[in-house]
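Structural features, examined
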Amino acid sequence: MKRIALLLFLSLACAREDRASLHRRPISPAPANGWACLPLDADAQRQKKGAWIGDAAGHSIPFIEAREGLWESRTLPMENLLAGRDAEGHPTAEFSLKLPEGWRVGERESLRLELDLDGRAPWVARVKAERQSEGGAFIAYDPLSPLHLYDLSPSGSRRSLDLPWDGQRYRLTLLASQGEAPRIRGISVRAEARPEALETELALDGLLTPEPGRPRTWRLTLPDTQRVVGLDLVLVPPVAPLRPEIHLGEGSENEQGWFCSDLVWNLPALNTTASRIALAPVQAKTLTFTLPEGASPQSVRILVRRQTLIFPAEAGQAYALHLGGEARQAPGSLGALPSIRTLASRAPLSLGAREPDDQGLPRREGTDQRARPWMPWIAGLALLVLGGAAWRLFRPAEESRG
């Protein structure tokens, strides 16, 4: 019995690593030396946790994630701030950004604007945002969902905006939708990489159904797990600003509640509507939302934005994205560079078809994980050993009686 137990223990300790799950996907060659952008598709996105980029020899190449807090945010000083009212009496402000040494426009993906406003609540104002390049004219942003600021005390307020960083000078104009638009007293700006502030790559329509046993709650299910960064929720009018209760997850058994800071509404009589809800990126297949009494959805779409990896690539070199195992760490940190500029004008690289990976690293399982499938057998063996020991103890006593 002792020999059997020892052999079983040795077999667990020396369990073979399973390399069947390891695979890699070739990366299209970079046309020139420099920063290369690699967008992940849905399959690679799901396996992002253990992904690493390797060269032809299997050496790990350092990379950074373009849309997950790419680098630390940084406050940008402003120059030539002008605030007042335009010819039509709308509150407006213009400003330029003073760039740190070595920086150029677009060092971060977006600008976070915090506005100091002076107005009497309640009010809702649509924001007309424009930017100007060097020597050019002002060009207005045309987002999918209009930008709004509001103060509905005590229902809540929003005094911040996220804009793409693609200009040198900016102009904001507040157009009142409800009440009187507030006066702009000051603005502060931070350069950030915020995935939920960017335009989405996909707007997916899922199956929308009422949730059984949960009043005023609807469930939206996608065909596959996606990286959700927002929600476009259009309400049946008329409905005043409200804040939905949102839950995201892989299924009903593991949903997580999500704090929703954005308000949505639909008021055709006031010519104002808001439907965009920004969420921190999360992998999810289902989404449920609960609305107050009397409110109902007219249409709902889940907004998806997948991650992009950025790495230094040499022209014509062969690289591959390794998946299915543990990540092979590259030395150093690209985020420590004083300034990194990603060139959006460059065509992104693409991933090829899946192929076996002889350079991958299998996931290391702890002793407890390897032993878990054998636990019933170990328990049975222990019972046999104890039974045999008991039989040996009681057998001499029975023989003496006989």
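Residues numbered from 1 in each chain as written. Predicted model: local features only at pLDDT ≥ 70, side-chain atom pairs only at ≥ 80, totals over all residues. Heavy atoms only, no water.

Describing the side chain of Asp151
Looking at where Asp151 falls in the secondary structure, it is placed in strand E12 (residues 147-151). There is a polar contact of 2.5 Å between the side chain of Asp151 and the side chain of Ser153. Leaving out residues up to four positions away in the same chain, Asp151 has contacts with Ala121, Pro122, Trp123, Gly156, Ser157 and Arg159. (Helix = DSSP H or I, 4+ residues; strand = E, 2+ residues; numbered from the N terminus. Polar contact = N/O pair within 3.5 Å; in protein donor to acceptor, adjacent residues only side chain to side chain. Contact = heavy atoms within 4.5 Å.)

Looking at the sheet that holds strand E5 (residues 64-65)
Read from one edge to the other, the open sheet built from three strands follows the order E2-E27-E5, with strand pairing classed as antiparallel. Among the strands making up the open sheet, the edge pair consists of strand E2 (34-39) and E5. Sheet analysis places E2 next to strand E27 (residues 308-313), joined by six bridges and oriented antiparallel. Across the sheet, the residue bridging to Cys37 is Ile310, located in E27. (Pairing = 2+ DSSP bridges.)

Re the confidence of the model for the chain
Segments scoring low in pLDDT should not have their predicted coordinates read at a detailed level. With 77% of its residues at a pLDDT of 70 or more, the chain shows a mean pLDDT of 81. This stretch, residues 4-15, has a pLDDT under 50; its non-local contacts, to residues over four places away or in other chains, come to eleven contacts. Confidence drops under a pLDDT of 50 for residues 367-371, and excluding neighbours within four residues, the segment shows six contacts in the predicted structure. (pLDDT = per-residue confidence, 0-100.)

Let's talk about the packing of aromatic side chains
With the rule as written, the count across this model stands at four aromatic pairs. Ring geometry for Phe311 versus Tyr319: centroids 5.4 Å apart, planes at 70°, classification edge-to-face. Across the pair, Tyr319 and Phe311 agree in class, each one buried. The aromatic ring of Tyr141 is capped on one face by Arg131, whose charged end is 4.0 Å from the ring centroid. Above the ring of Phe138, the side-chain terminus of Arg171 is found at 4.1 Å from the ring centroid. (Phe/Tyr/Trp six-rings, centres within 6.5 Å; stacked < 30°, edge-to-face > 60°. Buried < 20%, exposed > 50% of the residue type's maximum accessible area, 1.4 Å probe, protein only. Lys NZ or Arg CZ within 6 Å of the ring centre and 35° of its normal.)

Points about the pattern of salt bridges
Under the definition given, this model contains 20 salt bridges. For the salt bridge of Arg112 with Asp162, the shortest nitrogen-to-oxygen distance reads 2.8 Å. Residue Arg112 is located in strand E9 (residues 110-118), and its partner Asp162 is located in strand E14 (residues 160-164); the two are separated by 50 residues in the primary sequence. For the salt bridge of Arg185 with Asp116, the shortest nitrogen-to-oxygen distance reads 3.4 Å. Here the residue Arg185 occupies a position in strand E16 (residues 183-192), and Asp116 occupies one in strand E9, the gap between them amounting to 69 residues. One connected set of salt bridges, linked through shared partners, spans Arg25, Asp41, Asp43, Arg46, Asp224 and Arg354. (Salt bridge = Lys/Arg side-chain N within 4 Å of Asp/Glu carboxyl O.)

Observations regarding the sheet that holds strand E29 (residues 355-356)
Taken in spatial order, the five strands make up an open sheet running E4-E3-E28-E1-E29, and their pairing is antiparallel. Each having just a single partner strand, strand E4 (60-61) and E29 make up the two edges of the open sheet. Examined bridge by bridge, strand E3 (residues 52-55) and strand E28 (residues 319-323) share four bridges and lie antiparallel to one another. Following the sheet pairing, Ile53 is matched in E28 by Leu321.

Structural notes on the pairing of strand E18 (residues 207-210)
Two strands pair when backbone bridges link them, and E18 and strand E19 (residues 217-235) are joined in this way by four bridges, in the antiparallel orientation. Looking at E19, one finds that Leu208 is bridged to Leu220.

Examining unusual backbone geometry
Cis peptide bonds are those with omega within 30 degrees of zero, and the linkage from Ala121 to Pro122 qualifies with 0°. Inspection of the secondary structure puts Pro122 in the loop between E9 and strand E10 (123-132). The step from Pro237 to Pro238 runs through a cis peptide bond, and the omega angle for that step is -5°. Here Pro238 lies in the loop between E19 and strand E20 (239-242). Notably, Asn271 is not glycine yet its phi reads approximately 55°, a positive angle. Residue placement: Asn271 occurs in the loop between strand E23 (264-267) and strand E24 (272-274).

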